[in-house]
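# Structural overview for review
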Amino acid sequence: MTETLETGIEVLDRKLDGGIPAGRVVALSASPTSQSELFLYEMAAVRPTTYLTTERTVADVEDALKQTGTDTDGVDIHRVSPAAPLSEARSAIEELPAESTLIVDPVRLLESTDSERYRSFVNDLKARIDETDGVALLHCLDGRDTPSQRDRTEYLVDIVFSLSTEVRGGTLQNDLAIPKFRGGEALPESIDLDLTADVTIDVSRKIA
């Protein structure tokens, strides 16, 4: 039986019978105005993590992790530059330890590279994650200008999480759907996530 790795999000781990199967690559699709970053911080809190930031500075990511109560000692943060994003990302995945987490936040910069090189990178990433029995999370911002290779990303990954946020009755509602779960069963219904203000103070086990 394949080992499962906790996401750190209690309600999601329950629905997935313990978490994400080891060796899987996940795409988290969400609006730039959503609270999807909380997913990243929870994932980074549960096991050794390599965090590749393509937009924000290392200091910004580190500060955000600390504000949510995450111990940054176990998080190795790298800034991926626009000059050679795929090469820098490849160097990082080659050093991934066993049973660790890789986060790419967001993945847009990599998706904007040459199509054949990007496809090769994602396939190599999948092989490396499988080899290390880890998990990778690609943060896919679904905004006004979606990269042309987003379809390729969602096709190649093993699992797709889709987070939607809307106002209902004057209250923000966050729903997580899992439309794709290669090698498993996609959830028939979305999960209602209560992402409230106190989560930003201490997110440890509070997304439920």
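Rules and cut-offs
Residues numbered from 1 in each chain as written. Predicted model: local features only at pLDDT ≥ 70, side-chain atom pairs only at ≥ 80, totals over all residues. Heavy atoms only, no water. Phe/Tyr/Trp six-rings, centres within 6.5 Å; stacked < 30°, edge-to-face > 60°. Lys NZ or Arg CZ within 6 Å of the ring centre and 35° of its normal. Core = buried A, V, L, I, M, F, W, Y, C linked by side-chain atoms within 4.5 Å. Buried < 20%, exposed > 50% of the residue type's maximum accessible area, 1.4 Å probe, protein only. Helix = DSSP H or I, 4+ residues; strand = E, 2+ residues; numbered from the N terminus. Contact = heavy atoms within 4.5 Å. 1 Å grid on protein atoms, 1.4 Å probe; cavity = no way out; pocket = protein on both sides within 12 Å on 5 of 7 lines; lining within 4 Å. Points joined across faces, edges and corners; volume = space filled by probe spheres on them. Nonpolar A, V, L, I, M, F, W, Y, C, P; charged D, E, K, R; others polar. Pairing = 2+ DSSP bridges. Axes fitted to C-alpha atoms, helices over the stretch in contact; angles between N-to-C directions. pLDDT = per-residue confidence, 0-100. Salt bridge = Lys/Arg side-chain N within 4 Å of Asp/Glu carboxyl O. Arc of directions from axis to C-beta.

Our next topic: the packing of aromatic side chains. As enumerated under the stated definition, the model contains zero aromatic pairs in all. The residue whose ring lies beneath Arg182 is Tyr155, and the NZ or CZ to ring-centre distance is 5.8 Å.

This brings us to the nonpolar core. The biggest cluster of nonpolar side chains holds 34 residues, and the ones touching the most others in it are Leu12, Ile20, Tyr51, Phe161, Leu176 and Ile178. With six residues, the top contributor of residues to this core is helix H2 (residues 37-46). If we skip the residues at most four places from it in the chain, Ile178 touches Leu12, Leu16, Ile159, Val160, Phe161, Ala186 and Leu187.

A few words on empty space enclosed by the protein. By the definition in use, this model includes one cavity of 30 Å³ or more. Reported here for the largest cavity is a volume of approximately 30 Å³. Together, Thr7, Ile9, Leu12, Phe39, Met43, Leu137 and Phe161 line the largest cavity. Considered class by class, the residues forming the lining of the largest cavity number six nonpolar, one polar and no charged.

The next thing to look at is the sheet that holds strand E7 (residues 135-141). Strand order in the open sheet made by the eight strands is E5-E4-E6-E7-E3-E8-E9-E10, with mixed pairing throughout. Lying at the two open borders of the sheet, with one neighbouring strand each, are strand E5 (75-79) and strand E10 (191-193). Neighbour-to-neighbour, the strand axes of the sheet open up by a mean angle of 20 degrees, direction not taken into account. Across seven bridges, the pairing between strand E3 (residues 24-30) and E7 is parallel. When the sheet's bridge partners are listed, Ser29 is paired in E7 with Cys140.

This part covers the confidence of the model for the chain. When pLDDT drops low, the exact placement of atoms in the prediction is not to be read closely. When pLDDT is averaged along the chain, the result is 90; 92% of the residues meet or exceed 70. Across residues 196-208, confidence stays below pLDDT 50; counting only partners more than four residues off in sequence or on other chains, it has 32 contacts.

This part takes up the pattern of salt bridges. Enumeration over the complete set of coordinates arrives at 10 salt bridges. In this structure, Glu10 engages Arg14 in a salt bridge whose closest nitrogen and oxygen atoms are separated by 3.5 Å. Residue Glu10 and its partner Arg14 are both found in helix H1 (residues 10-15); the two are separated by four residues, about one turn of the helix. Given the relative accessible area of 40%, Glu10 is considered partly exposed. Residue class for Arg14 comes out exposed when judged on its relative accessible area of 52%. The salt bridge involving Lys126 is made with Asp158; its shortest N-O contact spans 2.9 Å. One end of the pair, Lys126, is in helix H6 (residues 115-132); the other, Asp158, is in the loop between helix H7 (150-156) and strand E8 (159-168), and 32 residues separate them in sequence. Asp158 gets classed as buried once you look at its relative accessible area, which sits at 8%. Each of the salt bridges in this network shares a partner with another, and the network as a whole consists of Glu37, Arg56 and Asp105.

What follows deals with helix H3 (residues 58-67). Of the positions making up H3, those classed as buried are Val61, Ala64 and Leu65. On an axial view of H3, the arc spanned by its buried residues comes to 100 degrees, and they lie on one face. Contact partners of the buried residues in H3: H2, strand E4 (49-53) and E5.

Considered for burial, the residues of helix H4 (residues 85-94) that qualify are Pro85, Leu86, Ala89, Ala92 and Ile93. When H4 is viewed along its axis, its buried side chains cluster within an angular range of 120 degrees and face the same direction. On its buried face, H4 is in contact with E4, strand E6 (101-105), helix H5 (108-111) and H6.

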